[in-house]
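Listed here are the chains, written in short residue letters.
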Amino acid sequence: MNSRSLILGAALGAAMLSGAAFADDNTVTIGMILPMTGPSASTGKQEKAAAELYIQQHGDTVAGKKIALIIKDDTGAADVTKRLAEELIGNDHASVLMGFGLTPLALAAAPVATEAKVPEIVTAAGTAMITEKSPYIARTSFTLPQASAPMADWALKNGIKKVVTIVTDYGPGVDAEKWFGDMFEKGGGTVVEKIRVPLKNPDFAPFLQRVKDDTPDAVFVFVPSGQGAVFMKEFVERGLDKSGVKLIGTGDVTDDDLLADMGDAALGAVTTHHYSAAHDSPENEAFVAAFEKANNGMRPNFMAVGAYDGMALVYKALEKTKGDASGDALIAAMKGMSWMSPRGPVSIDPETRDIVQNIYVRKVEKVDGALYNVEFATIPNVKDPFKAAKY
Ligand code: PHB
């Protein structure tokens, strides 16, 4: 190899390694990929609003760097997510990828993040193993094992002995079914039937008839954010709200985005989750008020808080690196980071890059005439149990 091709090779390598710095040393571009259309559009709407609110409140300059937020719609299709991730890094010189409304979308971007050495901040998806798919992934949403295992404990302590589980048939649903079911049976409970419902165009009615026939003490539910209202409607149509079968689950089914319109059938549902708009803290009161003000009264849900904290994590990491936006510096700075979120205290586990957070037990109640998930017990600092078992 002659010296000219050596120099050329080195220059190309440098350009590829430091895309952002090469484009504009003073701008840090965050490429946010969300389902803004399609069945998961409510997640996109919530996350976009929260990321923009964070910038509005904290300014668009961090450690001397200008923050540019680019939001792209992947329509909920994994091949589009992957292409957008490549374009955001290759064309827009994004230093960070963020968002990912569903597990398959987060997984589609993982090899892109690894190859480009660009952090992928997962602010929505919740299947436990996602963070193992790239050393550049960190998560500010939650994991289904983290939210489901505490529900088993509550059910066992509250006289529930026989349960039917209904989950959406893909990563997070399988996690919820396993972690609720295994913990419940370990504690002496019985799961009489495990029902899985398709992700696309779900029709819960035939499955709910089976639940009724099984006469369990409770039905444990996981459906992804956005599907809770359909589930609840069919729950009522099948007469399950009056059958004495208790509704329990992770908080995805009583999602704050939809809860207000679910009607009184949702009253009394007990769920475990990491965020409620009714969380009682000064940080959350300020967050909810600002979010509602900026978005025509829209109530923030757990997706919103995931994105708000995703932005917080990037801002805090940039402060720590003094503006160094290289992927390795940022992800190193994120490990072990802790802060006060609207949901309560959170941190990023330095080993797994997953979020450590409180899980709350909540009951749907009327507050000032509107339905809310009212928290009544706290399990502090919960690590994802799927990975805690391995590390
Ligand atoms: C996921 O696809 O990982 C997911 C989506 C919506 C939820 C939870 C998990 O509410």
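Residues numbered from 1 in each chain as written. Predicted model: local features only at pLDDT ≥ 70, side-chain atom pairs only at ≥ 80, totals over all residues. Heavy atoms only, no water.

1. Focus on the overall build of the protein
- From N to C terminus, the protein includes 14 helices and 15 strands.
- Against the compact-globule benchmark of 21 Å for 391 residues, the protein has a radius of gyration of 21 Å, which places it among compact chains.
- Along the first, second and third principal axes, the C-alpha set of the protein runs to 80 × 45 × 35 Å.
- Counting all 391 residues of the protein, 54% fall into the buried class.
- Looking at the protein alone, contacts between residues at least 24 apart form 67% of all its contacts between residues at least 6 apart.
- Surface exposure of the protein reaches about 15500 Å², of which carbon and sulfur atoms provide 53%.
- Distance between charge centres in the protein, computed from 39 positive and 49 negative side chains, equals 3 Å. (Helix = DSSP H or I, 4+ residues; strand = E, 2+ residues; numbered from the N terminus. Rg over C-alpha atoms; globule rule 2.2 N^0.38 Å. Buried < 20%, exposed > 50% of the residue type's maximum accessible area, 1.4 Å probe, protein only. Contact = heavy atoms within 4.5 Å. Areas by Shrake-Rupley, 256 points an atom, 1.4 Å probe, with all protein chains shown as cover. Lys, Arg positive; Asp, Glu negative; His and termini not counted. Charge placed at Lys NZ, Arg CZ, Asp CG, Glu CD.)

2. With respect to the sheet that holds strand β6 (residues 137–139)
- With mixed pairing, the six strands of this open sheet are ordered in space as β2-β3-β1-β4-β5-β6. Each edge of the open sheet is held by one strand with a lone partner, namely β2 (61–62) and β6.
- As defined by bridge partners, strand β4 (residues 96–99) adjoins strand β5 (residues 120–122) across three bridges and the pair is classed as parallel. Each bridged residue has a counterpart across the sheet, and for G99 the counterpart in β5 is V122.
- In the packing of helix α3 (residues 41–58) onto the sheet, the strands contacted are β1 (27–34), β3 (65–73) and β4, and the crossing angle to β3 comes to about 170 degrees.
- Helix-sheet contacts for helix α5 (residues 103–116) involve β5 and β6, and the interaxial angle to β5 is about 160 degrees. (Pairing = 2+ DSSP bridges. Axes fitted to C-alpha atoms, helices over the stretch in contact; angles between N-to-C directions.)

3. Some remarks on α3
- Across its 18 residues, α3 extends 26 Å between first and last C-alpha, which sits within 8% of the 26 Å expected from 1.5 Å per residue.
- Taken from the residues just after α3, G59 is the one with a positive phi, measuring 85 degrees. (Expected span 1.5 Å × (residues − 1).)

4. Section: the site of the ligand
- In the neighbourhood of the ligand, 15 residues make up the surrounding shell, with T103, G126, Y170, S225 and D252 lying closest.
- Here S225 contributes a backbone N or O atom positioned 2.9 Å from an oxygen atom of the ligand.
- Within the side chain of D252, one N or O atom sits 2.5 Å away from an oxygen atom of the ligand.
- When its residues are assigned to classes, the shell around the ligand shows nine nonpolar, five polar and one charged.
- The residue makeup of the shell around the ligand includes at least three contributed by each of domain 1 (21–142 + 283–353) and domain 2 (145–273 + 359–388). (Near = heavy atom within 4 Å. Polar contact = N/O pair within 3.5 Å; in protein donor to acceptor, adjacent residues only side chain to side chain. Nonpolar A, V, L, I, M, F, W, Y, C, P; charged D, E, K, R; others polar. Domains from an automatic or database assignment.)

5. Remarks on the domain arrangement of the protein
- The domains assigned to the protein are domain 1 (21–142 + 283–353) and domain 2 (145–273 + 359–388).
- Computed from C-alpha atoms alone, the centre-to-centre distance between domain 1 and domain 2 is 28 Å.
- The partner domain 2 presents 25 residues to the 25 residues of domain 1 that form the contact.
- Taking both partners together, domain 1 and domain 2 bury about 1900 Å²; carbon and sulfur atoms supply 53% of that area.
- When residues of domain 1 are sorted by the area they lose upon contact with domain 2, F142, R299 and F302 head the list and together hold 34% of the total.
- At the boundary of domain 1 and domain 2, one finds three salt bridges. (Buried area = accessible area lost by both parts, 1.4 Å probe. Salt bridge = Lys/Arg side-chain N within 4 Å of Asp/Glu carboxyl O.)

6. Considerations on the packing of aromatic side chains
- Per the stated rule, a full pass over the model turns up eleven aromatic pairs.
- Judged by centre distance (5.2 Å) and plane angle (20 degrees), the ring pair of F180 and F184 falls under stacked. In this pair, F180 and F184 both sit in helix α7 (residues 171–186), four residues apart, roughly one turn of the helix.
- Given the relative accessible area of 0%, F180 is considered buried.
- An angle of 75 degrees between the planes, with centres 6.4 Å apart, marks the rings of Y275 and F287 as edge-to-face. Taken together, the residues Y275 in the loop between β11 (270–273) and α11 (282–294) and F287 in helix α11 connect sequence positions twelve residues apart. An identical accessibility class is assigned to Y275 and F287; each is buried.
- Grouped by ring-pair contacts, the aromatic residues Y54, Y275, F287, F291, Y308 and Y315 constitute a single cluster.
- Here the basic side chain of K178 rests over the ring of W179, its NZ or CZ set 6.0 Å away from the ring centre.
- Note that R299 overlies the ring of Y372, its terminal NZ or CZ placed 3.6 Å from the centroid. (Phe/Tyr/Trp six-rings, centres within 6.5 Å; stacked < 30°, edge-to-face > 60°. Lys NZ or Arg CZ within 6 Å of the ring centre and 35° of its normal.)

7. Structural notes on unusual backbone geometry
- With phi around 60 degrees, T75 is a residue other than glycine that occupies positive phi space.
- Residue position: T75 is located in the loop between β3 and α4 (78–90).
- Phi is positive for D368, which is not a glycine, with a value near 50 degrees.

8. Here we look at the side chain of K387
- Turning to its location among the elements, K387 is positioned in helix α14 (residues 385–388).
- Looking at K387, its side chain comes within polar contact range of the main-chain oxygen of A128, at 2.6 Å.
- At 2.8 Å, the side chain of K387 forms a polar contact with the side chain of D384.
- In contact with K387, other than residues within four places in its own chain, are A128, T131, E132, R139, T352 and D354.

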